[in-house]
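What follows is each chain in one-letter form.
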Amino acid sequence: MSLRVLLVEDDRELCRTLKDAMTAEGYDVFTAASLSEGFALLTGLGARAGGPPVDLVLLDLGLPDGDGEQLLAVLRQKHTVPVIVISARESDGQKVRLLDAGADDYLVKPFSIRELLARMRVGLRHRGTSVSPAVTRYSVGALNIDLGTHEVTLAGQPVHLTPTEFNLLARLVRSAGQVVTHRQLLADVWGAEFTEHTHYLRLYMAQLRGKLEDNPADPQLLMNEPGVGYRIVEPQG
Amino acid sequence: MIPLPGIDASADFWPAHLRRAWRAVHEAATSGTVAPMTDDDPLSPRRPARWPWAWAGVVWAVAWVLMLGLDRHIGLAQAAITLVLASALAAIWLPLVSSLLTTTAAVLAFDWFIVPPKHSFSVELSEDVLLVVEILVLSWVVTALLARGRVLAARARRSARHADQMRRLGDALRDAEDPLQRGEALREALVELTGQPARLLLLRDATAAPADDDAAATLGELDADELVGLWHCVRLCRPFGPGTGHEPELPALYLPLRGAEAKAYGAALLPLVPNAVVTEDVLVQAQALCDQLGQLLHRARTQRDAESANALAQAQAMRNALLAAISHDYRTPLAAILGAASSLRDQGAKLAPEQRERLAQSIMAETRQLSRLTDNTLQLVRLDAPGVKLALDWESPDELAGAAIERARRHDPERRLKVWTEPGLPLVRCDAVLFSQMLENLIDNALKYSDAPAPVELHVRRHGEHVVFAVRDSGPGVEPSWRERIFDVFQRGDWRSGSHNSAAQRGAGVGLAVCRAIARAHGGELQLRPRSQGGSSFECWLREQEAPRVEERGPAPDGGAP
């Protein structure tokens, strides 16, 4: 059975193009042009054998009858279905808010189909990770990370990380390929009262880069999404 | 001068000391610089007259001693002259009426004691009758002239003092930095003029409504009635109080600070002592002082209005020019997209796969160009708006550079991009989204205007108290005449040294203009520096700020063992 995708997007042209592109990749696509239509579809599709009504949601922010945040809130009450936010550049603040509220990733318009499909693949791979951490080993290039044993090796050599550095790295690895907002990182690694202390993050990211990257100013592993958060590149294999 | 019988009236006849005395009297009467005279401003403290009767008494005593003591040695004419002289000298100190009475009494006494037959008012010789009458008239004329001169002198002195006061107030107003200081200067001038504690109401905004406490400032203690009176005075732009013709029963003068067009910018209150008489010239002077500040406030307001109207017109012109420039910039990529897309649709079957691929590539590239143009335009408009808020945070220069490089790499197939950052750079306070947009634009620009394989470098270093982000290329550089204009959104043209490339005319305006706007929104500056070995270096200077420390309770940066 093919994977079901709900696309909530009010622009008809874009909606059709995306639907065609995803259908060609074998996804079963349902489209909604408004928030209410999205709610109706979610209810109508119903639960399949205890699972979520769809496998992935693409959610546009500028909807005619309300805020994408409402749909996300309803969805998050029951399911861990991946949600990818589609936003225009001028709604930066809202984008970060949605990510903090539990959206999995975001795409800024305009984006290419290749970019979209890549993000969808990452999102689907992370399905259910918050329930049972599926990712315990991470490997890209010469870097190997084992979250279970707390071991980090670079080109076979063990890398010494402080506990905070390791926690930060582990948090990013658990969402590998996805952006993790500053707020989420600060709350998960330092605690809820540290969510405004972005300078902590800058400091520790710089230390991590210093230990793991060849050129910290030209990172290949720990990517910065200005104004949003950090992303560790997708693992290979 | 009335000729006296038997006496040559030429100046040489008069003894030198008498001429000197006359000159002194004359000067006192006209210039007011010699003899001390009392001020007659009713509201001001009187300068005490120093013993006027005593001086006059001394003069008369000396004169009578001379006339009686030397009676046998001098003639009647000399005695008469002495009398006139004494009368004139006494008139310097005495008020007009007293002076006339004293003089009349002195002439009668002269007739009684000196004119033969003595001890009688009858006169022996008919020419002596004429002498006595002439002395009387002459003394009256001299006394009256002196009194008149004294009034004129006092008036001239007062005018001079008022003019001086106006000038000093003008200086004080010019030197004052804010309206309250100006009000204080006016208040001091009014206190100096009237000797009473003046109070002021100053409008902050000329359209202010009464009872709006924020709209006006007050100087001095005011009770509720006085405040209402001042607001009333401002609203009607008319003086009130004794001597003004309006509400003469008020215990104080209310004077508006008049600007122009019957518009008051505040009002002054001058308390009066009970039963004080306000003279015309004090009133005029007080009003003139008030108007001086009123006119200054009016001028300032007119200037401000003109400036804001000017700025508005300029902003409108800018916006129109911006729209024109942007719509021009949109057409080129749109034309390319439409061309490629329609070619794919209409000729798709006839095209070779690589041709189709190239068309699709072209559509994607031009769309990215449009997207960037849109971002830049939006940002430019946003930064231009008043009160723009940046999402400032502490950012690492390494990360800003890294993010810009990562995104720019997508349009850098030849991998010409190099990045170098000085180790140990401090965190900078900036809006990460805006700042990376600026770096991306600069890199994009450098890639576009320099040819492969010449590298494009992003250098971040510390320079004094600044962190400098420099995007350097080895392209043809920019003509000196274009080095400033290149940042102007409306300028387009070929600014490349020794080159006439039509690509140079495309879209550089908005991109660099928004870069400079972003740098300036951060309190920094974006400059173009030509490189010594050719090419350009676009440098954004950002002032270093002290970043917050990582607190003790947070894990230490170089933490413990795992």
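Everything here concerns the structure above.
Here we summarise the structure given alongside this text.

**Digging into the interface of chain B and chain A**
Each partner contributes residues to the interface: chain B has 34 residues there, and chain A has 32 residues. Elements supplying a minimum of two residues to the side of chain B that touches chain A: helix H9 (353-384), strand E5 (392-395), helix H10 (397-409), strand E6 (417-421) and helix H11 (432-449) of chain B. Of the residues forming the side of chain B that touches chain A, the biggest block, eight residues, is contributed by H10(B). For the side of chain B that touches chain A, the residue count by class is 19 nonpolar, nine polar and six charged.

**As for the sheet that holds strand E7 (residues 105-108) of chain A**
All names here are of chain A. Pairing is parallel in the open sheet, where five strands are placed in the order E2-E1-E3-E6-E7. The open sheet has two edge strands with one neighbour each: strand E2 (28-32) and E7. For this sheet, the mean inter-axis angle between neighbouring strands, taken without regard to orientation, is 20°. Here strand E1 (residues 4-8) runs beside E2; their pairing, made up of five bridges, is parallel. Within E2, the position partnered with Leu6 by the bridge is Phe30. Sitting on the sheet, helix H3 (residues 68-78) touches E1, strand E3 (56-60) and strand E6 (83-87), and the angle it makes with E3 is about 160°. Its contacts with the sheet put helix H4 (residues 92-100) on E6 and E7, and the angle it makes with E6 is roughly 175°.

**So, the nonpolar core**
In this structure, Val5(A), Leu6(A), Val8(A), Val57(A) and Val85(A) are the most contacted members of the largest nonpolar core, which totals 60 residues. The biggest single contributor to this core is helix H8 (residues 198-212) of chain A, with eight residues. Two domains share this core, each providing at least three of its residues, namely domain 1 (4-125) and domain 2 (137-232) of chain A. Sequence-distant contacts of Val5(A), defined by excluding residues within four places in its chain, comprise Met22(A), Tyr27(A), Asp28(A), Val29(A), Val54(A), Asp55(A), Leu56(A) and Leu58(A). One finds Leu417(B), Val433(B), Leu439(B) and Val489(B) within the second-largest nonpolar core, a separate group that totals 51 residues.

**Some remarks on unusual backbone geometry**
The step from Lys109(A) to Pro110(A) runs through a cis peptide bond, and the omega angle for that step is -5°. Examined against the element boundaries, Pro110(A) turns out to sit in the loop between E7 and helix H5 (113-125). Between Pro116(B) and Pro117(B) the backbone carries a cis peptide bond, its omega angle lying at -5°. You can see Pro117(B) is positioned in the loop between helix H4 (96-113) and helix H5 (126-175). Non-glycine residue His150(A) carries a positive phi angle of around 60°.

**Notes on H11(B)**
With 18 residues, H11(B) extends 26 Å between its outermost C-alpha atoms, agreeing within 8% with the 26 Å of an ideal straight helix rising 1.5 Å per residue. Along H11(B), 17 of the 18 residues are buried, which leaves the element largely enclosed by surrounding structure.

**Notes on the sheet that holds strand E12 (residues 179-181) of chain A**
All names here are of chain A. The strand order across the open sheet built from three strands is E12-E14-E13, with neighbouring strands paired in antiparallel fashion. At either margin of the open sheet sits one strand with a lone partner, and together these are E12 and strand E13 (222-225). Here the average twist between neighbouring strands, direction ignored, is 30°. With three bridges joining them, E12 and strand E14 (residues 229-232) adopt antiparallel strand pairing. Directly across from Val179, in E14, lies its bridge partner Arg231.

**Overview of the environment of Leu107(A)**
All names here are of chain A. Within the secondary structure, Leu107 is located in strand E7. Between the C-alpha atoms of Leu107 and Asp60, which are 47 residues apart in sequence, the distance is 9.6 Å. If we ignore the near neighbours within four places in the chain, the residues touching Leu107 are Ile84, Ile86, Glu115, Leu116 and Arg119.

**Quick notes on the packing of helix H8 (residues 280-347) of chain B against H9(B)**
All names here are of chain B. Following both chains from N to C, one finds H8 and H9 inclined at 160°, their axes separated by 9 Å at the closest point. With respect to each other, H8 and H9 are oriented roughly antiparallel. Read as a crossing pair, H8 and H9 show a hand that is left-handed. Contacts between H8 and H9 involve Ile326, Asp329, Tyr330, Pro333, Ala336, Ile337, Ala340, Ala341, Ser343 and Leu344 from the former and Arg356, Leu359, Ser362, Ile363, Glu366, Thr367, Gln369, Leu370, Leu373 and Thr377 from the latter. Taken together, the residues that form the contact of H8 with H9 break down as twelve nonpolar, five polar and three charged.

**A closer look at the pairing of strand E10 (residues 525-530) of chain B**
Residue and element names in this part refer to chain B. As paired elements, E10 and strand E11 (residues 536-543) share six bridges and run antiparallel to each other. Across the sheet, Gln527 pairs through a bridge with Glu539, a residue of E11. Where E10 hands over to E11, the hairpin turn is made up of five residues, of which Gly534 adopts a positive phi near 95°.

**Remarks on helix H2 (residues 52-69) of chain B**
Residues and elements named next belong to chain B. The terminal C-alpha atoms of H2, which comprises 18 residues, lie 25 Å apart, in line with the 26 Å expected from a rise of 1.5 Å per residue. Along H2, the residues classified as buried are Ala56, Val59, Trp60, Ala63 and Met67. On an axial view of H2, the arc spanned by its buried residues comes to 90°, and they lie on one face. Seen from the open side of H2, the exposed residues pointing more than 90 degrees away from its buried face are Ala54, Ala61, Val65, Leu68 and Gly69.

**What about the packing of helix H6 (residues 163-174) of chain A against H8(A)?**
All names here are of chain A. In the contact formed by H6 and H8, the axes pass within 10 Å of each other and the chain directions differ by 90°. Relative to H8, the element H6 is oriented roughly perpendicular. Within the contact between the two elements, H6 uses Thr164, Glu165, Leu168 and Leu169 and H8 uses Tyr204, Gln207 and Leu208. Its residues assigned to classes, the contact of H6 with H8 shows four nonpolar, two polar and one charged.

The rules behind each value
Residues numbered from 1 in each chain as written. Chains lettered and ligands numbered in written order. Predicted model: local features only at pLDDT ≥ 70, side-chain atom pairs only at ≥ 80, totals over all residues. Contact = placed C-beta atoms within 7 Å. Helix = DSSP H or I, 4+ residues; strand = E, 2+ residues; numbered from the N terminus. Nonpolar A, V, L, I, M, F, W, Y, C, P; charged D, E, K, R; others polar. Pairing = 2+ DSSP bridges. Axes fitted to C-alpha atoms, helices over the stretch in contact; angles between N-to-C directions. Core = buried A, V, L, I, M, F, W, Y, C linked by C-beta atoms within 7 Å. Buried ≥ 20, exposed ≤ 12 C-beta atoms within 10 Å, placed from the backbone. Domains from an automatic or database assignment. Expected span 1.5 Å × (residues − 1). Parallel < 35°, antiparallel > 145°, perpendicular 65-115°, else oblique. Left-handed = near helix turned anticlockwise from the far one by under 90°. Arc of directions from axis to C-beta.

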